[in-house]
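# Descriptive analysis of the structure
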Amino acid sequence: MTKRMQEQLAILLSRQLSGEATPEELQELEAWIRNHPQDHYLIEMLQTYWSGQAAGEVEAVTDNAHFDRILNKAKSADATVSGTLSNSKAGIRRRLLWWAAAAVFFAILLTAILFEERITGKSPRDHQVATVGGMRSHVILPDGTAVWLNARSSLHYDKSFNKQLREVYLEGEAFFEVKKDQKRPFIVHTSDIDIRVLGTAFNVKSYGEEDKIEATLVHGSIQVTAPSGDDIGTVQLRPNEKLVFKKQTKKAAFSTAKSGVKPPVYRIEPVLLKAADSSFIETSWIHNKLLFDGDSFAELAVKMERWFDVKITFTDTAVANYRLRGVFEDESVTDALQALQQIAQFNYTINDRSITISKKNR
Amino acid sequence: MIAEFSKPDDASFEYWKQQIACGNEQAFRSLFNAYAPRLTAFAFSITRNREASIDVVDEVFVKIWRRRDRIQQIENITTYLYTATKNTALNLLSRKAREVTVDSFDFIDVALRDDYAPDQQLITAEILSRIKKAVDALPPKCKLVFKLVREDGLKYKEVAEILEISEKTVDAQLVIAVKRIGDAVGKYFDYFPARFQKK
């Protein structure tokens, strides 16, 4: 037995232990053990010591309350920064958020007037999550349901949430992964329809500026009802189906009521899977992808406005009617427009956050 | 896809970065839960104070959230977090010193985790106490390299980046550590040679 460990062995062993050894060095170490059987025991002992270790002396504090303190600290720091730079982006974003909140409040006020009997006795909303353009968010509700909120959307629920029912109110687009609870149905209220589930995953798109509401089911089952008099009764959706509900303007709703003729207000479509990764186009946004498949440029522009937080106007209807398909992932709005120019003929000008799209000059 | 979201593995890093950049608090929470234990232990090894090490890690994460618009520029989140923790901890130790250099580790003796005797006949309590003594007697910088590679499982490249030294130095320091431990155990063999005779 040598009294001191040989340098070459220390080199080979340290590289083997750290996982940094090359295949040649590992072979060399094996050869060393074969040629120096007296070192075998020492090597094994060091290997055993290396891999056996106690848990950390200091346990990190990873409970929610502690994490929330970190967030609050970061946010209060945010506020100080924007306080001194009132014209900064953060300041503008804050003001937008305020307007978004105000708009939501106004929308709720309207809803309250329209469906007074439904909300009688309910406390005002207590919890709200809202996103502005160009921003997406993920929240976990008190019952454990996970919600992804797309740009320019808001979700709120009140104190009674999770008591007998789990009711939320949505404006905009959200993806829900609902925690199973047979006793307490989960209900998403939109401007025109309600979606009722027990435990499932689905996407709801209900933007005020669009004339339709879409509910896409990923798995489980959902029930869609229209409480506002456009009697669609209850529609049961199966996985990979999508319900597209045609919103009626108040005027249109009255005139159809008078004439007694009811045009179909909804249709059920199959959801198309993208072959490559069998993901839904409808839910691609939660993976930060803006997917479009045969949309008109005008329809895509509406999505882009929310996605990139811009305003897009067309000066030419032919351009607005182009059919496009593709996907944006990390592109800036300029990258995205340049990519579109590869597949379609148009010009664009950007002025701050407003974009004008025009016919390409010959 | 929900499970993917909260699982702290390498594949999630890019997704976390994207999500944190656009203000997703849940992704930020996942990142925190994945790293806070290791970083707190690392901060503790420098500050040797439980409260201080928690404060250090809090400060690192507060900064991440405050500058989340720039998080996409971070290439390796592991080395970034360790470096930030190191700098914050050193700053705490010497508030006056504006400049933080790695030379600090020639003077600051880091704390190591308390090893338990592995449930093996191979390492007796006596041998373990000898190994511990040898590890504890390592020069400060050498001990820190040993800790980061063994306890935190970091690669040479990552340790080099965090401590602002070359990979060669990391390699050399670890060889010194292994050799010293080997020597300590080897001496023990000399005292009780018959006990360890192998056929």
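Fair warning: this is a prediction, and the values are worked out from it, not measured in the lab.

Bringing the overall build of chain B into the picture now. Each helix and strand in chain B was counted, giving nine helices and zero strands. Seen in sequence order, chain B has helices and strands lined up from the N terminus as α-α-α-α-α-α-α-α-α. Every one of the 199 residues in chain B was classed for burial, and the buried ones make up 38%. Long-range contacts, defined here as pairs at least 24 residues apart, represent 67% of the contacts in chain B between residues at least 6 apart.

With that out of the way, let us pick up the overall build of chain A. Check the secondary structure of chain A and you find 10 helices and 18 strands. Counting only residues that meet the buried cut, chain A has 30% of its 362 residues in that class. Here the analysis covers contacts within chain A between residues at least 6 apart in sequence; of these, 45% occur between residues at least 24 apart.

Residue and element names in this part refer to chain B. Among the secondary structure elements, Glu-59 is positioned in helix α4 (residues 50-66). Classification of Glu-59 by C-beta neighbours within 10 Å gives partly exposed; the count is 19. Distance from Glu-59 to Ala-89, taken between C-alpha atoms, is 9.8 Å for residues 30 residues apart in sequence.

Turning our eyes to something else, we now look at helix α10 (residues 333-343) of chain A. All names here are of chain A. Along α10, the residues classified as buried are Val-333, Leu-337 and Leu-340. Relative to the axis of α10, the buried residues are bounded by an arc of 60 degrees and lie together on one face. For α10, exposure combined with an orientation more than 90 degrees from the buried face picks out Thr-334, Asp-335, Gln-338 and Gln-342. Buried residues along α10 sit in contact with α8 (297-308), β16 (323-328) and β17 (347-351).

Grouped together as the largest cluster of nonpolar side chains are 61 residues, with contacts concentrated most on Val-159 and Val-178 of chain B. The biggest single contributor to this core is helix α3 (residues 25-47) of chain B, with 13 residues. When neighbours within four sequence positions are excluded, Val-178 of chain B is seen to be in contact with Ala-10, Leu-13, Ser-14, Leu-17 and Leu-46 of chain A. Core analysis: the next-biggest nonpolar cluster, separate from the first, contains 35 residues, Phe-202, Val-218, Leu-243 and Ile-286 of chain A among them.

Attention now goes to the sheet that holds strand β18 (residues 354-358) of chain A. Residues and elements named next belong to chain A. As summarised here, the arrangement of the three strands in space is β15-β18-β17, forming an open sheet in which the pairing is mixed. In this open sheet, the two edge strands, each paired with only one partner strand, are β15 (311-314) and β17. Each strand axis lies, on average, 20 degrees off the axis of its neighbour in the sheet, ignoring direction.

What follows concerns the pairing of strand β3 (residues 146-149) of chain A. Two faces make up the sheet, and in a regular strand the side chains alternate between them. Residues and elements named next belong to chain A. Because side chains alternate across β3, one face comprises the buried residues Ala-146 and Trp-148, and the other comprises Val-147 and Leu-149, equally buried. In sequence, strand β2 (residues 137-140) turns back onto β3 through a hairpin of five residues, with Gly-144 there showing a positive phi of about 95 degrees. Strand direction decides the pairing type here: β3 and strand β5 (residues 166-177), joined by four bridges, are antiparallel. Across the sheet, residue Leu-149 finds its bridge partner in β5, namely Ala-174.

Our next topic: the packing of α3 of chain B against helix α5 (residues 77-93) of chain B. Residue and element names in this part refer to chain B. In the contact formed by α3 and α5, the axes pass within 9 Å of each other and the chain directions differ by 35 degrees. Crossing hand, α3 versus α5: right-handed. Within the contact between the two elements, α3 uses Tyr-35, Leu-39, Phe-42, Ala-43, Ile-46 and Thr-47 and α5 uses Leu-81, Tyr-82, Thr-85, Lys-86, Ala-89, Leu-90, Leu-92 and Leu-93. Here the residues of the contact of α3 with α5 are counted per class, giving 11 nonpolar, two polar and one charged.

We now examine the confidence of the model for chain B. Do not read the predicted coordinates in detail wherever pLDDT is low. Residues and elements named next belong to chain B. Per-residue confidence for chain B averages 76 on the pLDDT scale, and 73% of its residues sit at or above 70. Mean pLDDT across the elements of chain B bottoms out in helix α1 (residues 2-6) (27) and peaks in helix α8 (residues 156-163) (91). Scored below 50 in pLDDT, residues 1-8 makes eight contacts in the model with residues more than four places away or belonging to other chains. The low-confidence segment residues 191-199, where pLDDT is below 50, has six contacts with residues more than four positions distant or belonging to other chains. This complex was scored by the predictor with a pTM of 0.44 and an ipTM of 0.76.

The next subject is the environment of Phe-42 of chain B. All names here are of chain B. Positionally, Phe-42 belongs in helix α3. In this structure the C-alpha to C-alpha distance between Phe-42 and Glu-151, which are 109 residues apart in sequence, comes to 9.6 Å. In this structure, Phe-42 is in contact with Tyr-82, Thr-85 and Asp-152, ignoring residues within four places of it in sequence.

What follows deals with the packing of α5 of chain B against α8 of chain B. Residues and elements named next belong to chain B. Packing of α5 against α8 leaves a shortest axis separation of 9 Å and a crossing angle of 35 degrees. Here α5 runs over α8; the crossing is right-handed. On the side of α5, the interface is formed by Thr-78, Thr-79, Tyr-82, Thr-83 and Lys-86, while α8 contributes Glu-158, Glu-161 and Ile-162. Taken together, the residues that form the contact of α5 with α8 break down as two nonpolar, three polar and three charged.

Rules and cut-offs
- By convention here, each chain's residues receive numbers from 1 onward along its written sequence.
- The order in which chains are written sets their letters, starting at A; the order in which ligands are written sets their numbers, starting at 1.
- Reporting in this predicted model follows two pLDDT cut-offs: at least 70 for local features of residues, and 80 or more for side-chain atom pairs to be given and counted; totals over whole chains, interfaces and linings ignore these cut-offs and use all residues.
- Secondary structure elements follow DSSP: runs of H or I no shorter than four residues count as helices, runs of E no shorter than two count as strands, and numbering proceeds from the N terminus.
- The exposure scheme places C-beta atoms from the backbone and then counts, for each residue, the other C-beta atoms within 10 Å of its own, assigning buried at 20 or more, exposed at 12 or fewer, and partly exposed in between.
- Two residues qualify as a contact pair if the distance between their C-beta atoms, derived from the backbone, is within 7 Å.
- Of all possible arcs, the one meant is that of the directions from the helix axis to the C-beta atoms.
- Here a nonpolar core is just a set of buried residues of the types Ala, Val, Leu, Ile, Met, Phe, Trp, Tyr and Cys, joined wherever their C-beta atoms sit within 7 Å.
- A pair of strands is considered paired only if DSSP assigns at least 2 bridges between the two.
- Axis lines are fitted to C-alpha atoms, over the contacting stretch for helices. Their N-to-C directions set the angle, which ranges from 0 to 180 degrees.
- Note: crossing handedness is left-handed where the near helix turns anticlockwise from the far helix by less than a right angle, and right-handed where it turns clockwise.
- For this classification, Asp, Glu, Lys and Arg are treated as charged, while Ala, Val, Leu, Ile, Met, Phe, Trp, Tyr, Cys and Pro are nonpolar and the rest, including Gly, are polar.
- The predictor attaches a confidence to each residue, called pLDDT, with possible values from 0 through 100.

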